[in-house]
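# Understanding the architecture of this molecule
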Amino acid sequence: TELTENNGFLSRIKNSINDTYDTLYNLPLLTLSIALCISINLILGIIFKIYYESLSLSSFNFISKLRLWTIISGTFMPSSILNYVFTLIFWIFKADKLERSLSTTRYFINFMIDAIFTSILFLVFSSLLPFYKTHYYNGLLSVVICENTLICLANPNVRVKFLLLKFCAKWYPIVLCLI
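Calculation notes
- Residues numbered from 1 in each chain as written.
- Predicted model: local features only at pLDDT ≥ 70, side-chain atom pairs only at ≥ 80, totals over all residues.
- Heavy atoms only, no water.
- 1 Å grid on protein atoms, 1.4 Å probe; cavity = no way out; pocket = protein on both sides within 12 Å on 5 of 7 lines; lining within 4 Å.
- Points joined across faces, edges and corners; volume = space filled by probe spheres on them.
- Helix = DSSP H or I, 4+ residues; strand = E, 2+ residues; numbered from the N terminus.
- Phe/Tyr/Trp six-rings, centres within 6.5 Å; stacked < 30°, edge-to-face > 60°.
- Buried < 20%, exposed > 50% of the residue type's maximum accessible area, 1.4 Å probe, protein only.
- Salt bridge = Lys/Arg side-chain N within 4 Å of Asp/Glu carboxyl O.
- Expected span 1.5 Å × (residues − 1).
- Contact = heavy atoms within 4.5 Å.

If you roll a probe as big as a water molecule over the atoms, it shows you where there is empty space left. There is about 500 Å³ of room inside the second largest pocket. Every residue lining the second largest pocket is counted, 17 residues in all, and those nearest its centre are Thr118, Leu121, Phe122, Phe125 and Ser142. For the lining of the second largest pocket, the secondary-structure elements that each account for two or more residues are helix H7 (104-128) and helix H8 (141-154). The leading source of residues in the lining of the second largest pocket is H7, at six residues.

Here it is in structure tokens:
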């Protein structure tokens, strides 16, 4: 029986790896493009500091240096390898489902609205709090949180799992604020 249990466990791991590979291999166009863009930006940002600074959003860059493009490019510039890994883990599977259910164009519009909204929100807060003036806003994490919150508010009676907790989706924004 020990050998059978071990084979069952290994079989589940193998199936999980195969499912993940199939999902990543069959990603829709927009999700794949964003993932590749973020990957390339991470590599170039690590190699060239000026590249990282010119694409990162901060109130100093946006207001003082008039780098207006950073309101969009900051979303596609991960702040660290850890940020990159966690964001892709949390975002890529949900983006795959959303893009397939909404269509590429509609998901792109929703994604960009969320990205611009979170960037503007960061600019407002960083302008009001002087110690955030040179702090960079980078990565998809805020867009992921925004998308998750909107999905939970659209489906308030669905039960969601967050870490070890299971609760109604309508409480997701409050739990997120508390954390």
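Moving on, we come to the packing of aromatic side chains. One pass over the full model with this rule turns up five aromatic pairs. Seen from their ring centres, phenylalanine 76 and phenylalanine 111 are 6.0 Å apart, and the 40° between their planes marks the pair as tilted. One end of the pair, phenylalanine 76, is in the loop between helix H5 (70-73) and helix H6 (81-102); the other, phenylalanine 111, is in helix H7, and 35 residues separate them in sequence. Like phenylalanine 76, the residue phenylalanine 111 is buried in the burial classification. Measuring from centroid to centroid gives 6.2 Å for tryptophan 91 and phenylalanine 111, while their planes differ by 55°, and the two rings are tilted. With a gap of 20 residues between them, tryptophan 91 in helix H6 and phenylalanine 111 in helix H7 connect regions that are remote in the sequence.

Inspection of every chain in the model, using the stated rule, returns two salt bridges. A salt bridge links glutamate 53 to lysine 49; the nearest nitrogen and oxygen atoms lie 3.4 Å apart. Of this pair, glutamate 53 and lysine 49 both sit in helix H3 (residues 49-55), four residues apart, roughly one helical turn. Arginine 100 is the salt-bridge partner of aspartate 96, the closest N and O atoms lying 2.6 Å from each other.

Between its terminal C-alpha atoms helix H2 (residues 29-47) stretches 27 Å, which fits the 27 Å expected from 19 residues at 1.5 Å a residue. Taken together, the buried positions of H2 are occupied by Leu30, Thr31, Ile34, Ala35, Ile38, Ser39, Asn41, Leu42 and Gly45. Lining the buried residues of H2 we find H3, H6 and H7.

It is worth spelling out the environment of leucine 129 at this point. With respect to the helices and strands, the residue leucine 129 is situated in the loop between H7 and H8. Owing to a relative accessible area of 32%, leucine 129 belongs among the partly exposed residues under this scheme.

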